[in-house]
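Coordinate inspection notes
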2 protein chains.
Amino acid sequence: MDIVEQIKLFLEPRSIALLGISRQTDPNSYNIIAPLLKQGFQGKLYPVNPHTDEIMGVKTYPEVAQIEDEIDLALLFTSRKITPKILQECADKGIKAAIIVGQGFNDATDDLGKKLQNDITAIIKKTGIRVLGPNTLGTANAFLNFSLSFAEQYGLEKIPVGLVSQSGIFFGIINELRMLGKGIDLGNGCDVDVTDCLEYYEADPEVKVIALHIEGINNGRKFFQVAKRVAQKKPVIVLKTGRSKQSAKAAQSHTGSIIGKDEIWDALFKQTGLIRAHTIDEMSDLIKLFSHAPPIKGRGVGIASYSGGMGIYTLDACNKYGLNIAEPHSETMEKIVKAAPHWFNVGNPLDLWPIISTSEKSIEESLKDTILAFMENPAIDSVILFLAAWMENENTPLLLTEIISAIADAFPDKAVVLCPYGGWVHDVDIQIIENKLKKTGKVPIIPTPDRAAKALSTAATYYEFLQNT
Amino acid sequence: MDIVEQIKLFLEPRSIALLGISRQTDPNSYNIIAPLLKQGFQGKLYPVNPHTDEIMGVKTYPEVAQIEDEIDLALLFTSRKITPKILQECADKGIKAAIIVGQGFNDATDDLGKKLQNDITAIIKKTGIRVLGPNTLGTANAFLNFSLSFAEQYGLEKIPVGLVSQSGIFFGIINELRMLGKGIDLGNGCDVDVTDCLEYYEADPEVKVIALHIEGINNGRKFFQVAKRVAQKKPVIVLKTGRSKQSAKAAQSHTGSIIGKDEIWDALFKQTGLIRAHTIDEMSDLIKLFSHAPPIKGRGVGIASYSGGMGIYTLDACNKYGLNIAEPHSETMEKIVKAAPHWFNVGNPLDLWPIISTSEKSIEESLKDTILAFMENPAIDSVILFLAAWMENENTPLLLTEIISAIADAFPDKAVVLCPYGGWVHDVDIQIIENKLKKTGKVPIIPTPDRAAKALSTAATYYEFLQNT
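My aim in this report is to walk through the structure given alongside it, one point at a time. The shown structure was predicted, so the numbers you read here are calculated from the model rather than taken from an experiment.

What follows covers the sheet that holds strand S14 (residues 275-277) of chain B. Residue and element names in this part refer to chain B. Spatially, S9-S8-S11-S10-S12-S13-S14 is the arrangement adopted by the seven strands of the open sheet, whose pairing is mixed. Since the sheet does not close on itself, it has two edges, and those belong to strand S9 (146-147) and S14, each with one partner. Here helix H5 (residues 194-202) sits on the sheet in contact with strand S10 (161-165), strand S11 (182-185), strand S12 (209-214) and strand S13 (236-240), set at roughly 175 degrees to S12.

And the structure:
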């Protein structure tokens, strides 16, 4: 079985055996059957429990061997001591993929933990069963309506983003990372590793952007080769943690993984075209930008701001991150000058308020026409829009999201990034605006203009890399 | 009148004349009377309008000269051409403070704009009236329940933060900066400048933290002297924009202010003890940290995290920003080791989940006791807590906010920073948690651990500066 088919069993299982599953079903029991039923997972579930006939209406089996059907995936919640034995039983049943949720293996300080992980590795070698974990939240796939995480996830959406993580926390739980289409938590990574998952996402038509959280890897050479190949096809954003000796030690007791020097990683990023995110915020911004904007054609940027002061702030950030402030374009500027007060300085950054507040049209229509004219400038590859969220107001002739969508539609080759502010004034929820725009798939929302500038610059560097290789 | 008394007229007016006030009162008219009444401002309002007797039930006057009472502050919404004339009338009436809201003066490209601003300056020199603006949203004071901004502000809270800004947008409108106790928008700054306002906040017992947004200043020597003095008394956080030649040009057409080289500003920050915020996010984080945490005594930091992976991420950030990971303290660690699984590696960062999930106590009680023991370590000056927002759940024996408050109370000399995550799971709103903690005034919420580490490091540098001067 090739690696893509193998990883498919973890991400697209048609049938799952649940080992070590509890009879308890109260909210604090984290019984996985409840969310699986609630999420609408269409695959078959086979809970194994010798003490009952059913859990939440699902028929149980006393042991895995007695399940009559073929099983794609085994999910083990067993205590660490019996885990190797249960894994062996799964292999004996012919199961080819298993997820081990429990802790206390290579992440433990005692000899038993190491021994048990060695036992697991031996079973893998002997039987050919592939293992995700131990110490993992498992996998999630919004396209098939499931998350195997015992930590509930309401954030699953059918968006083209695939994540591989060495920690459950990056697995769609952090507020900033609510954009998971598919997710894999490697945990200790005793068998299935980041490279395997990368190959799966490479072949996956549902995934257009790949996000990796890496503490360390075991087979650097193979990772390098695969990463270099995949980066040519899809943007791969990487949050590399464990950057110092101190954190290497901590990672050892977290996932048991070995961490390379950070300088080596920096060289690897440069050579492969992997995109480095330095913080969670950056990772979130880059995932949004790559999944919602067209490829960035160049470093020319336009800035259109409801506020002159914020225009200058944005200009600072564009300068800092190596974007070029597009020279105002005489033809298109002419249109704006005509609509503006005669004393007003029309430029880039474009201060919108003096224009739209004195226009004969409505503020909303004037805003739309002004930005449309501004963006005709051929030197503008991307635009950062700093606009008031309260324009998402049903009493206005045009909603903010309608204006933004019209702009993105008019310039499909230019990246439009929206920085909305003041959502709390008039009780407008920026989240609502973001969700509406997400459906159009064209305009990322990034909270501040400096973060927008940094993300645009990072994306420009990636597309430059693609052109030069 | 000394400068503090003078600025008081702008921030603590007992009576306000409203010039150029419209009779229109619909929501899109931005009539300032509506929010002033709604906010509960207790001072007297004197609208001047020759076409009516009252606006929204408030008696109007045909001209300012006919107001019988003494007026602390005039607020001018007049068009630019008549503004000097109206300002003169205010001075003739004996008014000593005026705010000019309108645009089109030094911020304009035409000669008339410059001439009109010169006319205003001449009236100031001749009559002694002091002017805030032109091109300003005015002032706001939560302690007296008012904002003069025509852009509505629901974010006013009686918190000990005073802001001076050269742009209305920083004036409590940006989502990240919803923490304004008092605010002053300088606009063009033709008269009242950042130094004047700094002296006012210096003397203000209601303000413990000062935040400045500066594009440029006119009297650098005076600013330097005052800033150096004030920084010894209260933290002064500065967002300096207009950092390049390009942005200097843009600032010229925004507020007409002259911008110094960024290197000069960096030297000024070092010499005065002013605290530089490089981004809006940083400014927000620093304002929260300084207004909600005790002085930072040193660079020793503890990291306690619900997630091992995030502990490593936080460790990276602490290393990067020059915080010291406190050596585990044998005595206090002993208590934690006893409660943890015997195979578990108890250290700093402290991975909480394996301890609290296997405890005989409730998860919440175990969490509280574990962190309390962890913080007994004398090498810990600050702690970064990465915890699940869904613990703010009424079905649990202890709410997250109760746990956090108990920790802050037990260690009043140590800074406790909370990074809550996963608020959207179980529909818990992190904003609610933040508002509850804000009332205790002890624990800042900072969205991510890297931002928490950076803010703690910046604060430590400030307190080191105070000790060394």
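Picking up where we left off.
The subject of this paragraph is the packing of helix H10 (residues 308-320) of chain A against helix H16 (residues 449-467) of chain A. Residues and elements named next belong to chain A. Contact geometry of H10 with H16 gives a least axis separation of 8 Å together with a crossing angle of 30 degrees. With respect to H16, the element H10 is oriented roughly parallel. Judged by the sense of rotation from one axis to the other, the crossing of H10 with H16 is right-handed. Only Pro449, Asp450 and Ala453 of H16 make contact with H10, whose side of the interface consists of Met310, Tyr313, Thr314, Ala317 and Cys318.

All names here are of chain A. Within the span of helix H15 (residues 430-440), buried status applies to Ile430, Ile433, Glu434, Leu437 and Lys438. Taken down its axis, H15 places every buried residue within 140 degrees of arc, on the same side. Those residues of H15 that are buried are in contact with helix H9 (280-292), helix H14 (400-410) and strand S19 (415-421). Among the residues of H15, the N-terminal cap falls to Asp429, whose side-chain oxygen and the backbone nitrogen of Gln431 are separated by 2.8 Å. Of the residues one or two after H15, Gly441 is the one with positive phi, at around 70 degrees.

All names here are of chain A. Relative orientation of the contacting elements helix H1 (residues 3-11) and helix H5 (residues 194-203) amounts to 90 degrees, with a least axis distance of 9 Å. Classified by the angle between their axes, H1 and H5 sit roughly perpendicular to one another. On the side of H1, the interface is formed by Ile3, Val4, Ile7, Lys8 and Leu11, while H5 contributes Asp196, Glu199, Tyr200 and Ala203. Its residues assigned to classes, the contact of H1 with H5 shows six nonpolar, no polar and three charged.

Looking now at the environment of A:Val4. Tracing the backbone through its elements, the reader meets A:Val4 in helix H1. The spacing of A:Val4 and A:Gln66 is 62 residues in sequence and 29 Å in space, taken between C-alpha atoms.

Now for the packing of aromatic side chains. Residue and element names in this part refer to chain A. Scanning all chains against the criterion turns up 26 aromatic pairs over all chains. Ring geometry for Phe41 against Phe146: centres 5.1 Å apart, planes inclined by 70 degrees, an arrangement best described as edge-to-face. In this pair, Phe41 sits in the loop between helix H2 (33-39) and strand S2 (44-48) while Phe146 sits in strand S9 (residues 146-147), placing the two residues 105 residues apart along the sequence. In terms of burial, Phe41 and Phe146 fall into one category: buried. Three or more aromatic residues joined by ring pairs make a cluster, and in this case those are Tyr306, Trp353, Phe386, Trp390 and Tyr421.

What follows is about H5(A). All names here are of chain A. With nine of its 10 residues buried, H5 lies for the most part within the structure. Of the positions making up H5, those classed as buried are Val194, Thr195, Asp196, Cys197, Leu198, Glu199, Tyr200, Tyr201 and Glu202. By the N-cap criterion, in which a side-chain oxygen at the helix start approaches the backbone nitrogen of a residue two or three places on, H5 is capped by Asp193, the distance to Thr195 being 3.2 Å.

It is worth spelling out the side chain of B:Ser291 at this point. All names here are of chain B. Residue position: Ser291 is located in helix H9 (residues 280-292). A residue is classified by how much of its surface remains accessible, and Ser291, at 18% relative accessible area, is buried. For Ser291, the side chain forms a polar contact with the main-chain oxygen of Ile287, separated by 2.5 Å. In contact with Ser291, not counting residues within four places along its chain, are Val161, Val209 and Gly441.

Counting 197 residues, the largest nonpolar core has A:Leu385, A:Leu387, A:Leu418, B:Leu385, B:Leu387 and B:Leu418 as the members making the most contacts within it. Those residues within four positions of B:Leu385 in sequence are excluded, and the remaining contacts are B:Ala304, B:Ile371, B:Ile404, B:Ile407, B:Val416, B:Val417, B:Leu418 and B:Cys419.

This next bit is on the pairing of S10(B). All names here are of chain B. Taking burial as the measure, the five residues of S10 include five buried ones, the bulk of the element. Sheet analysis places S10 next to S12, joined by four bridges and oriented parallel. Bridge pairing in S12 places Gly162 opposite Ile210. Two elements, S10 and S11, share four bridges in a ladder whose sense is parallel. Its bridge partner being in S11, Leu163 is matched across the sheet by Gly183.

Another point: the sheet that holds strand S10 (residues 161-165) of chain A. All names here are of chain A. The mixed open sheet is built from seven strands, whose spatial order is S9-S8-S11-S10-S12-S13-S14. Strands with a single pairing partner mark the edges of an open sheet, and in this sheet they are S9 and strand S14 (275-277). Helix-sheet contacts for H5 involve S10, strand S11 (182-185), strand S12 (209-214) and strand S13 (236-240), and the interaxial angle to S12 is about 175 degrees.

Attention shifts here to the relation of the copies chain B and chain A. Of the transformation placing chain B onto chain A, the axial shift is 0.0 Å and the rotation is 180 degrees, giving an RMSD of 0.0 Å. Overall, the copies show the geometry of a two-fold rotation axis. Proximity to the rotation axis, assessed at the C-alpha, singles out B:Asp281 in chain B; its C-alpha lies 5.3 Å from the axis. A share of 99% of the interface residues of chain B reappears at the interface of chain A, consistent with the copies meeting face to face through the same patch.

Across a regular strand the side chains alternate sides, sitting on one face of the sheet and then on the other. Residue and element names in this part refer to chain A. Counting buried positions over the six residues of S12 gives six, a clear majority of the element. Along S12, one buried face is formed by Val209, Ala211 and His213 and the opposite face, lined by Ile210, Leu212 and Ile214, is buried too. Examined bridge by bridge, S12 and S13 share five bridges and lie parallel to one another. Paired with Ile214 across the strands is Lys240, a residue of S13. The parallel pair S12 and S13, bridged by helix H6 (residues 220-231), forms a crossover whose chirality is right-handed.

With that out of the way, let us pick up the interface of chain B and chain A. Between chain B and chain A, the contact holds 70 residues from the first and 70 residues from the second. Note on chain B versus chain A: buried area summed over both sides is about 5,500 Å², and carbon and sulfur give 63% of it. It is B:Ile312, B:Trp343 and B:Trp424 in chain B that bury the most area against chain A; as a group they hold 15% of the surface buried on that side. Inspection of the region where chain B meets chain A yields two salt bridges. In this structure, B:Asp281 and A:Arg451 form a salt bridge, with 3.3 Å as the shortest nitrogen-oxygen distance. The interface formed by chain B and chain A includes 15 residue pairs in polar contact (both at pLDDT 80 or more).

Definitions and limits used
- Residues numbered from 1 in each chain as written.
- Chains lettered and ligands numbered in written order.
- Predicted model: local features only at pLDDT ≥ 70, side-chain atom pairs only at ≥ 80, totals over all residues.
- Heavy atoms only, no water.
- Pairing = 2+ DSSP bridges.
- Helix = DSSP H or I, 4+ residues; strand = E, 2+ residues; numbered from the N terminus.
- Contact = heavy atoms within 4.5 Å.
- Axes fitted to C-alpha atoms, helices over the stretch in contact; angles between N-to-C directions.
- Parallel < 35°, antiparallel > 145°, perpendicular 65-115°, else oblique.
- Left-handed = near helix turned anticlockwise from the far one by under 90°.
- Buried < 20%, exposed > 50% of the residue type's maximum accessible area, 1.4 Å probe, protein only.
- Arc of directions from axis to C-beta.
- Polar contact = N/O pair within 3.5 Å; in protein donor to acceptor, adjacent residues only side chain to side chain.
- Nonpolar A, V, L, I, M, F, W, Y, C, P; charged D, E, K, R; others polar.
- Phe/Tyr/Trp six-rings, centres within 6.5 Å; stacked < 30°, edge-to-face > 60°.
- Core = buried A, V, L, I, M, F, W, Y, C linked by side-chain atoms within 4.5 Å.
- Least-squares fit on C-alpha atoms with pLDDT ≥ 70 in both.
- Right-handed = clockwise from strand over helix to strand, strands pointing away.
- Buried area = accessible area lost by both parts, 1.4 Å probe.
- Salt bridge = Lys/Arg side-chain N within 4 Å of Asp/Glu carboxyl O.

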